[in-house]
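Chain by chain, the residues:
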Amino acid sequence: MKFCKDCGGVLNLFGNNSAELCSSCIQHTKKCLPTVPETATDNIDLIGDAVLTYENGKIVLRSKEGWLLWSASGETQTELTAVLKTAKLIYEIRNKRKKKS
């Protein structure tokens, strides 16, 4: 007979369960895991082919499809992670709309 490493409950009364934790402890562990924040590299994977240009006094980021993903005046300072996060969100929305059509 095998017991859960966390709570001590019975794991394999009639079968050959090879798990170390019971289902209750597994669910509890999943809820307790910290969420991993997005990194800039996650955003770059989706919009890696985007082009950054300066048009009419604005900095503009466009996808390879020509979609406007982000823009700001040339005088504005913005963190790159914020730009990439916004661009990724807009890219995903436009991509979903494209797939639906």
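As the structure is a prediction and not an experimental result, all values here were calculated from the model.

Rules of the game
- Residue numbering note: each chain is counted from 1, following its sequence as written.
- Local features are withheld for residues below a pLDDT of 70 in this predicted model, meaning they are given only at 70 or higher, and side-chain atom pairs are given and counted only at 80 or more; totals for whole chains, interfaces and linings count all residues.
- Only heavy atoms go into the side-chain values, all of them from the structure, while hydrogens and water stay out.
- Secondary structure follows DSSP: runs of H or I at least 4 residues long count as helices, runs of E at least 2 residues long count as strands, and numbering of each begins at the N terminus.
- Burial classes: relative accessible area under 20% of the type maximum marks a residue as buried, over 50% as exposed, and values in between as partly exposed (1.4 Å probe, protein chains only).
- We call two residues contacting when some pair of their heavy atoms lies within 4.5 Å.
- In this description, accessible areas are obtained by the Shrake-Rupley approach with a 1.4 Å probe, and a residue is regarded as covered only by the protein chains that are shown.
- A patch is a set of surface residues, each over 30% in relative accessible area and not in a salt bridge, joined within 9 Å for like charges and within 5 Å for the nonpolar side chains Val, Leu, Ile, Met, Phe, Trp and Tyr.
- Counted as salt bridges are all cases of a side-chain nitrogen of Lys or Arg within 4 Å of a carboxyl oxygen of Asp or Glu.
- His residues and chain termini do not enter the charge count, which takes Lys and Arg as positive and Asp and Glu as negative.
- Taken as the charge centre is NZ of Lys, CZ of Arg, CG of Asp or CD of Glu, depending on the residue.
- The set of buried Ala, Val, Leu, Ile, Met, Phe, Trp, Tyr and Cys residues whose side-chain atoms join them within 4.5 Å is what this entry labels a nonpolar core.
- Only Phe, Tyr and Trp rings take part, Trp by its six-membered ring, and two of them pair if their centres are within 6.5 Å. Stacked means planes under 30 degrees apart, edge-to-face means over 60, and tilted covers everything else.
- The pairing criterion is simple: DSSP has to find at least two bridges between the two strands.
- Between N-to-C directions, angles span 0 to 180 degrees; the directions come from axes that are lines fitted to C-alpha atoms, helices contributing only their stretch in contact.

A tally of regular secondary structure across the protein chain gives 3 helices and 3 strands. Listing each helix as α and each strand as β along the protein chain from the N terminus yields α-α-β-β-β-α. Relative to its 101 residues, the protein chain shows a buried fraction of 19%. Partitioning the contacts of the protein chain with sequence separation of at least 6, the portion at a separation of at least 24 is 24%. Total accessible area on the protein chain stands at roughly 7,900 Å², and carbon and sulfur atoms take up 55% of it.

Attention shifts here to a positive patch on the surface. Taken together, R94, K96, R97 and K100 make up a surface patch of like positive charges. The exposure class assigned to K96 is exposed, which follows from its relative accessible area of 58%.

Per the stated rule, a full pass over the model turns up 2 salt bridges. Of the charged contacts, one joins E55 and R62 as a salt bridge, the two residues approaching to 3.6 Å between their closest N and O atoms. Judged by its relative accessible area of 31%, E55 falls in the partly exposed class. Residue classification places R62 among the partly exposed residues on the basis of a relative accessible area of 30%.

The next subject is the environment of S23. Here S23 is to be found in helix α1 (residues 23-32). Spatially, the C-alpha atoms of S23 and L11 are 9.0 Å apart, while their sequence positions differ by 12 residues.

A separate point is the nonpolar core. Residues I47, L61, W67, L69, W70, A72, V83, L84, A87 and Y91 constitute the largest nonpolar core, which totals 10 residues. Only β3 (68-73) and α3 (80-100) provide two or more residues apiece to this core. With 4 residues, the top contributor of residues to this core is α3. What W67 contacts, discounting residues up to four positions off in sequence, is L61, R62, Y91, R94, N95 and K98.

Taken as a whole and assessed by the stated rule, the structure comprises 1 aromatic pair. With a centroid separation of 5.6 Å and an interplanar angle of 55°, the aromatic rings of W67 and Y91 are classed as tilted. Here W67, found in the loop between β2 (58-62) and β3, pairs with Y91, found in helix α3; they are 24 residues apart in sequence, far enough to count as distant.

For the rest of this paragraph, the subject is the sheet that holds strand β1 (residues 51-55). Taken in spatial order, the 3 strands line up as β1-β2-β3 in an open sheet, and their pairing is antiparallel. Only two strands of the sheet have a single partner each, and these edge strands are β1 and β3. Ignoring which end each strand starts from, the neighbouring axes of this sheet average 20° apart. As paired elements, β2 and β3 share 5 bridges and run antiparallel to each other. Each residue of the ladder has a partner; that of K58, found in β3, is S73. Docked against the sheet, α3 engages β2 and β3, running at close to 145° with respect to β3.

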